[in-house]
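Report on the structure
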Amino acid sequence: MSVQAPLTSLTQQVVPVHAGDHVIATGFAKDTALFALADGTVVAADGGETRRIAAHPGAGLLVATLDGASLVTGGDDGRVVRTGADGGTEEIGNAGGRWIDAVAAAPGGAVAWSSGRKVTARDEKGRLRHWDAPSTPQGLCFAPKGYRLAVSHYNGVSLWFPNTDASPELLPWKGSHLDVTWSADGRFVVSSMQENTLHGWRLPEKADMRMSGYPSKTRSFAWSHDGNWLATSGADAAIVWPFASKEGPMGKAPRECGIRPAKVTRVAFHPASLVLAVGYDDGFILLCRLTDAAELLVRKAEKDEGQVTAFAWDRKGRRLAFGTEGGAAGVLTLPG
Amino acid sequence: MTDKIPVTVLTGYLGAGKTTLLNRILTEDHGKKFAVIVNEFGEIGIDNDLVVGADEEVFEMNNGCICCTVRGDLIRIIEGLMKRRGKFDAIIVETTGLADPAPVAQTFFVDQDVSDKARLDAVVTVADAKWLSARLKDAPEAKNQIAFADVIIVNKTDLVTPEELAEVEGRIRAINPYAVLHRTQRAAVPLEAVLGRNAFDLERILEIEPAFLETDADHHHHDHDHDHGHHHHGSLGHYHDEHMQSVSVRLGEVDPEKFMPWINDLTQREGPNILRCKGIMAFTNEPKRFVFQGVHMILDGDLQQDWKPGEKRESRLVFIGRDLDVEAIRKGALACAA
């Protein structure tokens, strides 16, 4: 037994949003919080008001991401749809009824998606380029600079320049790669793997690094604003790897934030400070400060509302939007 | 959150009648909704059901186990389907005619996210009564599908004579003595014969009383349920398959200190060749039955219900596999006797 100070609570600062179905992703477009739901709906929450937008009418929504100004969703209807803060929708891609397996967006407006083995990149002017991956990609991520895409698949990650005819550069590593992320300085590509590990490559040498010890798969990544830390889900705490040195996390132990008897399912770094939002499989949400390990409660565990499945900070870091598997959602506004 | 979604795997060599069976399942008036994972779009299309195309991507796991393969596409598709839970009651996976059922089955044991939300109900194999005997000779895939099955639909029985039918069933039994067999024309089989089988549920293994475990002497005092259409064969072993065998062993009480290391070692060593195994064991001084089952190297076992007072405490095991050293397995099992 130990005596702990009660957790400071921010729960009063949370405005709930009735989503009503599995929240796939969330994000802010201007001042509007957008929530992509598995039933094909996008919910737009602006202050106390919510609107429901049928982004994929009669279909389901599988993947979604935010490109800074709008939400990009891919559905089981094979459509890729952009939904803006004003509620307007635009179909920007169509895979002919096949599931959209992954989407990615770049801040400049470029978007990429994959369906089966086919990867499509759409630049900000709407020009499409295609590439057939060696096996069905699971994750897509744009490079921080330049028009380049990381595509994770079986036995490695491919780095593709959509505007050139050169074949993509393969970062090989045996096994099935799930999600992929690229560091802000462009020097590291990290993927999560089927065997509950992460694999990283330091560029341009393609030096391999393995980050293991997770009890389950990592399905959420977050880089700190200064690029020095990579937070990951998949354990009973957020596992935060140090990337400040030239070698990355090689030979270093990660930090653990927010240890609880539950599995971390989502992580999101504050855009301007070393504060990490941590979401768990019981719906609990904490803010953890890396510098002094201080913790703030955002949301208590809620029976039947399921795991936290979506997180996003707004650009200034004043608000945090979240959603769960059971269809609960909300927006936290930081005091002050 | 709620119960796990049952998944039925439908296999069968090209032309055996898989699609006919699938269409029959989907069109029958049962009030259920299915999510169907198929390899080719177009052949089926039912308004109420979700149909998903798959690519049969078989992945090796980096866990040092060479036979441990999973269907990567299935993991992804089930993850996607689970976002739309409530839209369907069960999942059916149709494999191509040349597919090995093992990676599909192993996906449900190896992948935590899948096994948290879905459970393998049974592997159902459709066999062509007229052509299966020939396929067993020239197509290793057809043999795998028979060996792996929990339920075998011997289809197109109208195209063969009773003698030919007896021969094909004999060949099936030589490879797989415990699957439940149904004879059909145009794959007409009651829905409950293929769905809701719980074939991978340890509790249900106790209820299974296949032909291989029966002898005339002790046939009558077991409390089993007979499945309708389950054809009993008094005399197995007329047919012998050169590469695919089954070994069944029965003995009395077993010493767990000997048995556990033996079964672990056997499945680790012979895992690539052992397709399926099942057993009910009477451990010394243990009032409960120990029940196990396995797919290649993956073993799952637990203590289940008590032995009844006065019931004969007998251990029974079966292994189905390729090029098994039958005598070594039998001797090894018998050496575990208490």
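Below, the structure is looked at part by part. All of these numbers come straight from a predicted model, not from anything done at the bench. (Residues numbered from 1 in each chain as written. Chains lettered and ligands numbered in written order. Predicted model: local features only at pLDDT ≥ 70, side-chain atom pairs only at ≥ 80, totals over all residues. Heavy atoms only, no water.)

**Digging into the overall build of chain A**
Defined as follows: Starting at the N terminus, helices and strands are each numbered in turn, a helix being any DSSP run of H or I of at least four residues and a strand any DSSP run of E of at least two. Atoms counted for the radius of gyration: C-alpha only. Globule rule: 2.2 Å times residue count to the power 0.38. Partly exposed residues are those whose accessible area sits between 20% and 50% of the maximum for their type, while under 20% is buried and over 50% is exposed, using a 1.4 Å probe and protein chains only. Here the Shrake-Rupley method, with its probe set to 1.4 Å, supplies the accessible areas, and only the displayed protein chains count as covering residues. Neither His nor the chain ends contribute to the count of charged residues, in which Lys and Arg are positive and Asp and Glu negative. Charge placement uses NZ in Lys and CZ in Arg. For Asp and Glu, CG and CD serve respectively.
Helix and strand counts for chain A stand at zero helices and 31 strands. Scaling as 2.2 N^0.38, a compact globule of 336 residues should have a C-alpha radius of gyration of about 20 Å, and chain A matches this with 19 Å. Each principal axis of the C-alpha atoms in chain A carries an extent, and together these give about 60 × 50 × 30 Å. Split into buried and exposed, the 336 residues of chain A put 60% on the buried side. Taken as a whole, chain A presents about 13700 Å² of accessible surface, with 50% of it coming from carbon and sulfur. Here chain A contributes 35 positive and 35 negative side-chain charges, whose respective centroids are spaced 4 Å apart.

**Structural notes on the environment of Asp 255 of chain B**
Residue and element names in this part refer to chain B. Formally: A contact between two residues is defined here by any heavy atoms of the two lying within 4.5 Å. In protein, a polar contact requires one atom able to donate a hydrogen and another able to accept it; more generally it is a pair of N or O atoms within 3.5 Å, and residues adjacent in sequence count only if both atoms are side-chain atoms.
Position of Asp 255 relative to the elements: it lies in the loop between strand 10 (244-251) and helix 10 (256-270). When sequence neighbours within four positions are dropped, the list of residues in contact with Asp 255 reads Thr 284, Cys 336, Ala 337 and Ala 338. At 2.9 Å, the side chain of Asp 255 forms a polar contact with the backbone nitrogen of Glu 257.

**Re the sheet that holds strand 9 (residues 79-84) of chain A**
Residues and elements named next belong to chain A. Using the following cut-off: In this description, strands pair whenever DSSP reports at least two bridges between them. To obtain each axis, a line is fitted to C-alpha atoms, and for helices this fit is confined to the stretch in contact; angles are then taken between N-to-C directions over 0 to 180 degrees.
The four strands are arranged 7-8-9-10 in an open sheet whose pairing can be described as antiparallel. One side of each edge strand has no neighbouring strand; the edge strands of this open sheet are strand 7 (61-66) and strand 10 (89-94). Strand-to-strand twist of the sheet, defined as the mean angle between neighbouring strand axes without regard to direction, takes the value 25°. Relative to strand 10, strand 9 runs antiparallel, the two being bridged by five bridges. Bridge assignment links Val 81 to a residue of strand 10, and that residue is Glu 91.

**Here's the deal with helix 1 (residues 18-27) of chain B**
All names here are of chain B. Put simply, the rule reads: The reported arc concerns the directions from the helix axis to the C-beta atoms and nothing else.
Taken together, the buried positions of helix 1 are Lys 18, Leu 21, Leu 22, Ile 25 and Leu 26. Each buried residue of helix 1 lies within a common arc of 130° when the element is viewed along its axis, so the set occupies one face. In this structure, the buried side of helix 1 is in contact with strand 1 (5-12), strand 2 (34-38), strand 6 (90-94), strand 7 (118-128), strand 8 (151-155) and helix 8 (191-194).

**What to know about the sheet that holds strand 3 (residues 50-53) of chain B**
All names here are of chain B. Strands sit in the order 3-2-6-1-7-8-9 across an open sheet of seven strands; the sheet is parallel. Strands with a single pairing partner mark the edges of an open sheet, and in this sheet they are strand 3 and strand 9 (180-183). Within this sheet the neighbouring strands show an average axis-to-axis angle of 20°, counted without direction. In this structure, strand 2 lies alongside strand 6, joined through four bridges in parallel fashion. Directly across from Phe 34, in strand 6, lies its bridge partner Ala 90. Docked against the sheet, helix 3 (residues 101-110) engages strand 1, strand 6 and strand 7, running at close to 165° with respect to strand 7.

**Thoughts on the pairing of strand 6 of chain B**
Residue and element names in this part refer to chain B. Across the five residues that make up strand 6, a large majority, five, are buried. The pairing of strand 1 with strand 6 spans four bridges and is classified as parallel. Of the residues in strand 6, the one forming a bridge with Val 9 is Val 93.

**Focus: unusual backbone geometry**
Note that the residue after Leu 203 of chain A, namely Pro 204 of chain A, is joined by a cis bond; omega there is 5°. Mapping Pro 204 of chain A onto the fold places it in the loop between strand 19 (198-202) and strand 20 (207-211). A positive phi angle is found at Asn 198 of chain B, which is not glycine, with a value near 50°. Secondary-structure assignment places Asn 198 of chain B in the loop between helix 8 and helix 9 (202-205).

**Here we look at the pattern of salt bridges**
Once the charged atoms of two side chains with opposite charge are near each other, the side chains can pair. Residues and elements named next belong to chain A. As a reminder of what qualifies: Salt-bridge detection follows one rule: a side-chain nitrogen of Lys or Arg within 4 Å of a carboxyl oxygen of Asp or Glu.
What the rule picks out here adds up to 42 salt bridges over all chains. A salt bridge links Glu 305 to Arg 299; the shortest N-O distance between them is 2.2 Å. Since its relative accessible area comes to 9%, Arg 299 is described here as buried.

**Describing the packing of aromatic side chains**
Applicable threshold: Within 6.5 Å between ring centres, the rings of Phe, Tyr and Trp (the latter by its six-membered ring) count as paired, and their orientation is classed by plane angle as stacked under 30 degrees, edge-to-face over 60, tilted in between. Counted as over-ring charges are cases with an Arg CZ or a Lys NZ within 6 Å of the ring centre that also lie within 35 degrees of the ring normal.
Tallied over the entire structure, the rule returns 12 aromatic pairs over all chains. Aromatic side chains Phe 188 of chain A and Phe 243 of chain A sit 4.9 Å apart centroid to centroid with 80° between the ring planes, which places their arrangement in the edge-to-face category. Here the residue Phe 188 of chain A occupies a position in strand 18 (residues 188-193), and Phe 243 of chain A occupies one in the loop between strand 23 (238-242) and strand 24 (255-257), the gap between them amounting to 55 residues. Assessed through its relative accessible area of 1%, Phe 188 of chain A is described here as buried. Where Phe 259 of chain B meets Trp 262 of chain B, the ring centres are 6.0 Å apart and the plane angle is 50°; that geometry is what we call tilted. Here Phe 259 of chain B and its partner Trp 262 of chain B are both found in helix 10, three residues apart, which amounts to about one turn of the helix. With respect to class, Phe 259 of chain B is no different from Trp 262 of chain B; both count as buried. Among the aromatic residues, ring-to-ring pairing joins Phe 259, Trp 262, Phe 283, Phe 290, Phe 292 and Phe 319 of chain B into one connected group. Between the NZ or CZ atom of Arg 260 of chain A and the centre of the ring of Phe 284 of chain A, over which it lies, the distance is 3.6 Å. Lying across the ring of Phe 148 of chain B, Arg 276 of chain B places its NZ or CZ 5.2 Å from the centre.

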